[in-house]
Amino acid sequence: MTIRPYEIEDAADCVEMANEDDTTGLTTVEDFLHRDKTRSKELFFQRFVVAEGGRTVGFASVFNGDWSASPDSYYTRALVRKSDRSRGYGRALADQVEAVLAERKAQEVRTFLKEHDERSVRFAERRGFAVEQRVTRSQIELEQFDPNEFAEWLGYADKAGVRIMTYAELAHDPDRARKAHAMHDAGMMDVPTGDAVAEVPFDRYKKTVLGSPHFDERTLFLAVDPDGDYVGYTQLWGSNLPAKMHTGLTAVARSHRGKGLAKALKVAALAHAKSIGIKIVDTENDETNARMLAVNWKLGFQAFETDLFMVKKGEI
Ligand SMILES: CC(C)(COP(=O)(O)OP(=O)(O)OC[C@H]1O[C@@H](n2cnc3c(N)ncnc32)[C@H](O)[C@@H]1OP(=O)(O)O)[C@@H](O)C(=O)NCCC(=O)NCCS
């Protein structure tokens, strides 16, 4: 076996392995390269591949999270092709990652896995990782969702004195990008996570959200107050599956919480998705995010799996 630095020609193999691991979505080489291209250059990032007889059988990345507040906090993810597991490739990749982390005197490293992938969870535990956060993944089949049953929820926007508008409908507002960014940033700070989250600078928001190949102006919904300020946000991302969308951030300004705005925003988003022929919308939420989960369960989302975020702290 050889372990060598990743090269752009390895992208297709990596994407194949990623899709094998997460069967609920579909990543493309274009997505993979876009994520690499828009990663902050000043943050640490390395990727290795492991090959056997000229065949790529696994890869691992080790990096600072773009979203992380601390430069000493690292993330890692290793994937080995399913047909090539239990042959020592994962161990070799993990050794390589640990050597990099030790050299950088990393104090904290996180990884994420599917709870049902018990072998991989045990592998991470043996290497010193412990579960820090559990994230529920759920989805709604829009054939079962009748927007008329939620007319009262849409009415919460009127009652709170706000209008729900899409980013496309706000094209007349010269500040729409900055205001959407401000609402996004404020919301992200309050999403429960293990790692401390940093503000996302406007330029990065423009590149990674507004500039994403999956961004659609008609599926970013904002709650607009009478002064034209944005006090609520929910987004549906396009996917590579024709009838599926993924929920991005949902957030309501602290001043406007508890008035039903998350409910109104999500009904508007799901009703639109259904009207354009989308069949499934999925989402993921920290298991402790009681407010968001309460809204999702009432809408009809059904849990289907759990992601584990695992952490190893101290000198690696
Ligand atoms: C989650 C969030 C969007 C909810 O916004 P909101 O406008 O306050 O939500 P709503 O008023 O529409 O509805 C909240 C629901 O949660 C329920 N709720 C509130 N606290 C709760 C708790 N501790 N346990 C269970 N349910 C709770 C409310 O009762 C309400 O449901 P009900 O009216 O049917 O009883 C908001 O708290 C937020 O911006 N959080 C930070 C960002 C975040 O975590 N987003 C989710 C991840 S993407």
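Just above sits the structure.
Residues numbered from 1 in each chain as written. Predicted model: local features only at pLDDT ≥ 70, side-chain atom pairs only at ≥ 80, totals over all residues. Heavy atoms only, no water.

Visitor: I'd like to hear about the overall build of the protein, residue by residue, with values.
Guide: Summing up its helical and strand segments, the protein has nine helices and twelve strands in all. For a compact globule of 316 residues, the expected C-alpha radius of gyration is about 20 Å, and the protein comes in at 21 Å, within 12% of that figure. Viewed in the frame of its principal axes, the protein has a C-alpha envelope of about 65 × 40 × 35 Å. Buried residues in the protein amount to 49% of all 316 residues. Long-range pairs, those at least 24 residues apart, make up 71% of the contacts in the protein between residues at least 6 apart in sequence. On the protein, roughly 15,700 Å² of surface is accessible, and the fraction owed to carbon and sulfur atoms is 50%. In the protein, which carries 44 positive and 51 negative side-chain charges, the distance between the mean positions of the two groups comes to 1 Å. (Helix = DSSP H or I, 4+ residues; strand = E, 2+ residues; numbered from the N terminus. Rg over C-alpha atoms; globule rule 2.2 N^0.38 Å. Buried < 20%, exposed > 50% of the residue type's maximum accessible area, 1.4 Å probe, protein only. Contact = heavy atoms within 4.5 Å. Areas by Shrake-Rupley, 256 points an atom, 1.4 Å probe, with all protein chains shown as cover. Lys, Arg positive; Asp, Glu negative; His and termini not counted. Charge placed at Lys NZ, Arg CZ, Asp CG, Glu CD.)

Visitor: How would you summarise helix 3 (residues 89-103) if you had to cite specific residues and measurements?
Guide: Taking 1.5 Å of rise per residue, 15 residues should cover 21 Å, and helix 3 covers 21 Å from first to last C-alpha, within 8% of that figure. Listed in full, the buried residues belonging to helix 3 are Tyr89, Ala92, Leu93, Ala94, Val97, Val100 and Leu101. Contacts made by the buried residues of helix 3 are with strand 1 (2-5), strand 2 (45-52), strand 3 (55-64), strand 4 (73-80), strand 5 (108-114) and helix 4 (118-126). Positive backbone phi, at 55°, marks lysine 105, one or two positions downstream of helix 3. (Expected span 1.5 Å × (residues − 1).)

Visitor: Can you tell me about the pattern of salt bridges, naming the residues and giving the values?
Guide: Applying the stated rule across the entire model yields 28 salt bridges. Residue aspartate 10 pairs with arginine 4 through a salt bridge whose shortest N-O separation is 2.9 Å. The exposure class of aspartate 10 is buried, given its relative accessible area of 5%. Relative accessible area serves as the criterion here: at 28%, arginine 4 is assigned to the partly exposed category. The salt bridge partner of arginine 134 is glutamate 287, with a shortest N-O separation of 3.1 Å. Here the residue arginine 134 occupies a position in strand 6 (residues 130-141), and glutamate 287 occupies one in the loop between strand 11 (280-286) and helix 9 (290-299), the gap between them amounting to 153 residues. (Salt bridge = Lys/Arg side-chain N within 4 Å of Asp/Glu carboxyl O.)

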